[in-house]
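A closer look at the structure
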Amino acid sequence: MSRQSQTFIPTLKDAPADAEAISHKLMVRAGLIRQLGAGLWTYLPAGWRVQRKVEAIIREEMEAIGCQEMLMPLLQPAENWEKTGRYAIPELFKLEDRKGSPMVLALTHEEAITYHVAREVRSYRDLPLMLFQIQTKERDEGRPRAGVLRTREFTMKDAYSFDRDEEGLARSYEAQAGAYERILDRCEVRWYKVESDVGMMGGSGADEFMAPCPAGEDEVALAPGYAANVEVASATAQSAELPPPLPAPERIETPGLTTVEQVSGSLGLAPGALIKALPVIVEGRGMVLVLVRGDHRLNEIKLRNALGAGFRPAGVEEIGAELGPVGYIGPVGARIPVVKDAAIAGDSYVCGANESDAHLRGVQPGRDFESEELDVRVVEAGDTAPGGGTIAIEPAIEVGNIFKLGSRYSDPLGASYLDESGVEQAIVMGSYGIGPARIVAASIEQRADEHGIVWPRALAPWQVHLVSLSKPGEPEREAADKIYDALRAAGAEVLYDDRDVGPGNKLNDSDLIGCPLRLVVGRRGLAKGVVEATERRSGSAPELPVEDAAERAIALLDGLDV
């Protein structure tokens, strides 16, 4: 029973003052969620109905590929996290029980699932195996934002595959990827599958499913036949206009000029004609001087992956002791290892002279300094993709990710099996996560209009919003009651606005909540023998005969463009 007078849907006229994302504003205004604390959200009845619909679609597609549902604890002993090396993750909530035993609140469940499989799987006959759960996760997020998009507590579907070898993993990986594509298609979310960084999960490869929208906190590099998260994207840089070459570097006075913009402006050169020097302290290696073109940005994830180690920016004193004054450093004469981004191509650059108030011009890589060449820059719009297309950059929400873990977790946690020859082999794993709340937010971001949410049928909390413009005891209310009963008898999901508030409030709330079809029962329509129907997405407003309005509404609903 969903009479709005008895349903907890506290709509608001105005969005929270701190809300920037459309989904954040509308989910609060439409009475779907309320905030309990920073990054902590309560799902109210309408919001929870939507979330459950996404979860139902996920369950159906997981089960269709033979993935079996289970449930693992959120609270876990820290021991397994210590074995895998993930106990030090800053975002991991850590606590102790009353006995002082270290515990964690899981942000993923690789450790737990691998622990169980290590104790139950013995033979190659037990493999392949795919398991999933829909479970709460906790993340000590440093900067919660954008409503349900960046939170400290969230629900996630996480699945895990266990195979005998890499070939088996490839099959499981493709099965999961196909399921994700069907999930997002059924939820009517526009998406890209893009290459991504393995991050804290580890493993040999990863892909993300990204939903494009302005509120997205990630950026996707797109070109015909190419899609990658900007974190790992590679492309051929646009050429930089360089000055004529010189037979040797020439010192120039640049007093007080410490930035690319200041130096390039003073010399009348394009920023791309400068070399930006970025000293970093690499774990187990010491200081390394990283070079990128003056018009480019360092991609820290690509640098970390290329170096195979973590790093931090060098401090002012460290830079001064090893190179020279900050703002005037460069690779010529440097006594430390130098990493040059591959986009620094050409024979006449300007860089710091490692002396106060001075730069060098006519610097030629290879002649004037030695370096290791790596791809460590952030790709830019207008670059050329590997397939030859022109790169465009689009913001997007990460709604799902899949990882080829290999033996990243099975080795430290002892998950192995005996093959046909009786030889012990490590189980080869994959991990697959998708966020129901992120799918909901992406749907709102992509489809909302100036009036409110525009739900696809698959996710709508109710399919029909029946609005009575009359008061109890009036003939029009009796007609609305009969239509409500008929819709329910026909199996329709209907929210019946029978509240004692003005017509304007009812119609505004209906637009805000965004059900696919609205039926308005009012005095003017009934005088003509009709009920006014409005399709939320198209705005089409057909009139339905009152005597069979419920039947006609269901037929209309079935024919809607989702």
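Check the secondary structure of the chain and you find 14 helices and 29 strands. On the principal axes, the C-alpha backbone points of the chain span a range of 95 × 70 × 50 Å. Considering only intrachain contacts with a sequence separation of at least 6, the fraction spanning at least 24 residues in the chain is 69%. Carbon and sulfur atoms make up 49% of the accessible area of the chain, which amounts to about 24500 Å² in all. The positive charge centre, built from 61 side chains, and the negative charge centre, built from 87, are 5 Å apart in the chain.

Here we come to the environment of Arg-186. The topology assignment puts Arg-186 in helix H5 (residues 166-186). Residues Arg-186 and Leu-360, 174 residues apart in the sequence, show an inter-C-alpha distance of 59 Å. Arg-186 has contacts with Ile-57, Glu-60, Glu-61 and Ala-458, leaving out every residue within four places of it along the chain. A distance of 3.0 Å separates a polar atom in the side chain of Arg-186 from a polar atom in the side chain of Glu-61.

Time to look at the layout of surface pockets. Counted as a void, the second largest pocket has a volume near 390 Å³. Forming the walls of the second largest pocket are 26 residues, and the residues nearest its centre are Lys-276, Ala-277, Leu-278, Gly-327 and Ile-329. Listing elements by their share of the lining of the second largest pocket, those giving two or more residues are helix H6 (260-267), strand E14 (275-282), strand E16 (311-313) and strand E18 (349-352). Ranked by the residues each element gives to the lining of the second largest pocket, the list is headed by E14, at six residues.

Quick look at the pattern of salt bridges now. Applying the stated criterion across every chain yields a total of 40 salt bridges. In this structure, Asp-498 engages Arg-3 in a salt bridge whose closest nitrogen and oxygen atoms are separated by 3.3 Å. One end of the pair, Asp-498, is in the loop between strand E26 (494-497) and helix H12 (503-513); the other, Arg-3, is in the segment before helix H1 (22-29), and 495 residues separate them in sequence. When sorted by exposure, Asp-498 lands in the same class as Arg-3, which is buried. Taken together, the salt bridges that share partners define one network made up of Arg-139, Glu-141, Arg-145, Arg-150, Glu-217 and Arg-438.

At a minimum axis separation of 8 Å, H1 and helix H10 (residues 436-447) run at an interaxial angle of 100°. The angle between H1 and H10 places the two elements in the roughly perpendicular class. Of the residues in H10, those touching H1 at Ile-22, Ser-23, Leu-26 and Met-27 are Val-440, Ala-441, Ile-444 and Glu-445.

Helix length check: helix H2 (residues 45-64), at 20 residues, gives a terminal C-alpha distance of 29 Å against a target of 28 Å (1.5 Å per residue), a fit within 8%. Within the sequence span of H2, burial applies to Ala-46, Gly-47, Val-50, Gln-51, Lys-53, Val-54, Glu-55, Ile-57, Ile-58, Glu-61 and Met-62. Where H2 is buried, its residues meet strand E2 (40-43), strand E7 (129-138), strand E8 (153-163), H5, strand E24 (428-434) and H10. Of the residues one or two after H2, Gly-66 is the one with positive phi, at around 80°.

Here we come to H1. Along an α-helix, residues three or four positions apart point the same way, because every turn accommodates 3.6 residues. All of the buried residues in H1 are Ser-23, His-24, Leu-26, Met-27 and Val-28. Buried residues along H1 sit in contact with strand E1 (33-37), E2, H10 and H12. The first or second residue beyond H1 is Gly-31, which carries a positive phi of 75°.

This part covers the side chain of Asp-158. With respect to the secondary-structure elements, Asp-158 resides in strand E8. Residue Asp-158 is classed as buried on the basis of its relative accessible area, which comes to 1%. Here Gln-133 takes part through its side chain, which lies 3.0 Å from a polar atom of the side chain of Asp-158. There is a polar contact of 2.6 Å between the side chain of Asp-158 and the side chain of Tyr-160. Residue contacts for Asp-158: discarding those within four places in its chain leaves His-109, Leu-131, Phe-132, Gln-133, Lys-137, Tyr-432 and Gly-433.

Bringing the sheet that holds strand E25 (residues 464-468) into the picture now. Spatially, five strands are ordered E26-E25-E27-E28-E29 in an open sheet, and the strand pairing comes out mixed. Because the sheet does not close on itself, it has two edges, and the strands there are E26 and strand E29 (543-545). On average, each strand axis in the sheet is tilted by 25° relative to the strand beside it, whichever way the strands run. In terms of strand pairing, E25 meets E26 through four bridges, oriented parallel. For Leu-466, the partnering residue across the bridge sits in E26 and is Tyr-496. Most of the contacts of helix H11 (residues 475-489) go to E26, to which it runs at about 170°, and overall it touches E25, E26, strand E27 (517-521) and strand E28 (530-535). H12 rests against E25, E26 and E27 of the sheet, and its axis sits at about 175° to E25.

Bringing the packing of aromatic side chains into the picture now. By the definition in use, this model includes five aromatic pairs. Plain terms: the ring middles of Tyr-484 and Tyr-496 are 4.8 Å apart, the flat faces sit at 35° to each other, and that makes the pair tilted. Here Tyr-484 is found in helix H11, whereas its partner Tyr-496 is found in strand E26, with 12 residues between them in sequence. For the residue pair Tyr-484 and Tyr-496, the accessibility class agrees, reading buried in each case. An aromatic cluster is present here, built from Tyr-180, Trp-191 and Phe-209 joined pairwise through their rings. The lysine or arginine in question, Lys-94, covers the ring of Tyr-87, its NZ or CZ lying 5.5 Å from the ring centre.

Reading the values: rules and limits
- Per chain, the residues get numbers from 1 upward, laid out in the order the sequence is written.
- Thresholds applied to this predicted model are a pLDDT of at least 70 for local features of residues and 80 or more for the giving and counting of side-chain atom pairs; totals over whole chains, interfaces and linings are not thresholded and use all residues.
- Side-chain metrics rest on all non-hydrogen atoms present in the structure, leaving aside hydrogens and water.
- Only DSSP runs of H or I covering at least 4 residues are called helices, and only runs of E covering at least 2 are called strands; the numbering of each starts at the N terminus.
- In this description, contact between two residues means that some pair of their heavy atoms is separated by no more than 4.5 Å.
- Per-residue and other accessible areas were derived by the Shrake-Rupley procedure at a 1.4 Å probe size, with only the shown protein chains allowed to occlude residues.
- A residue counts as positive if it is Lys or Arg and as negative if it is Asp or Glu; His and the chain ends are not included.
- Charge positions come from single atoms, namely NZ of Lys, CZ of Arg, CG of Asp or CD of Glu.
- N or O atoms closer than or at 3.5 Å make up a polar contact, with two conditions inside protein: a donor-capable atom paired with an acceptor-capable one, and, for residues adjacent in sequence, both atoms drawn from side chains.
- With a 1 Å grid laid over protein atoms only, a set of points is called a cavity when a 1.4 Å probe fits there but cannot get out and a pocket when it is open yet has protein on both sides within 12 Å along at least five of seven lines; lining residues have an atom within 4 Å of a point.
- Grid points are joined across faces, edges and corners, and a volume is the space filled by probe spheres set on the points.
- Counted as salt bridges are all cases of a side-chain nitrogen of Lys or Arg within 4 Å of a carboxyl oxygen of Asp or Glu.
- Remark: exposure states derive from per-residue accessible area (1.4 Å probe, protein chains only) relative to the maximum for the residue type, with buried under 20%, exposed over 50%, and partly exposed in between.
- For every element, the axis is a line fit to its C-alpha atoms; helices are fit only across the contacting stretch, and the angle between N-to-C directions ranges from 0 to 180 degrees.
- Oblique is the label for any angle not under 35 degrees, not over 145, and not in the 65 to 115 range, which are roughly parallel, roughly antiparallel and roughly perpendicular in turn.
- The span one expects for a helix is its residue count, reduced by one, times 1.5 Å.
- We treat two strands as partners when DSSP finds at least two bridges between them.
- Stacked, edge-to-face and tilted labels apply to pairs of Phe, Tyr and Trp rings (six-membered ring for Trp) whose centres lie within 6.5 Å, assigned for plane angles under 30 degrees, over 60, and everything in between, in that order.
- Whether a charge sits over a ring comes down to the Lys NZ or Arg CZ being within 6 Å of the ring centre and within 35 degrees of the ring normal.

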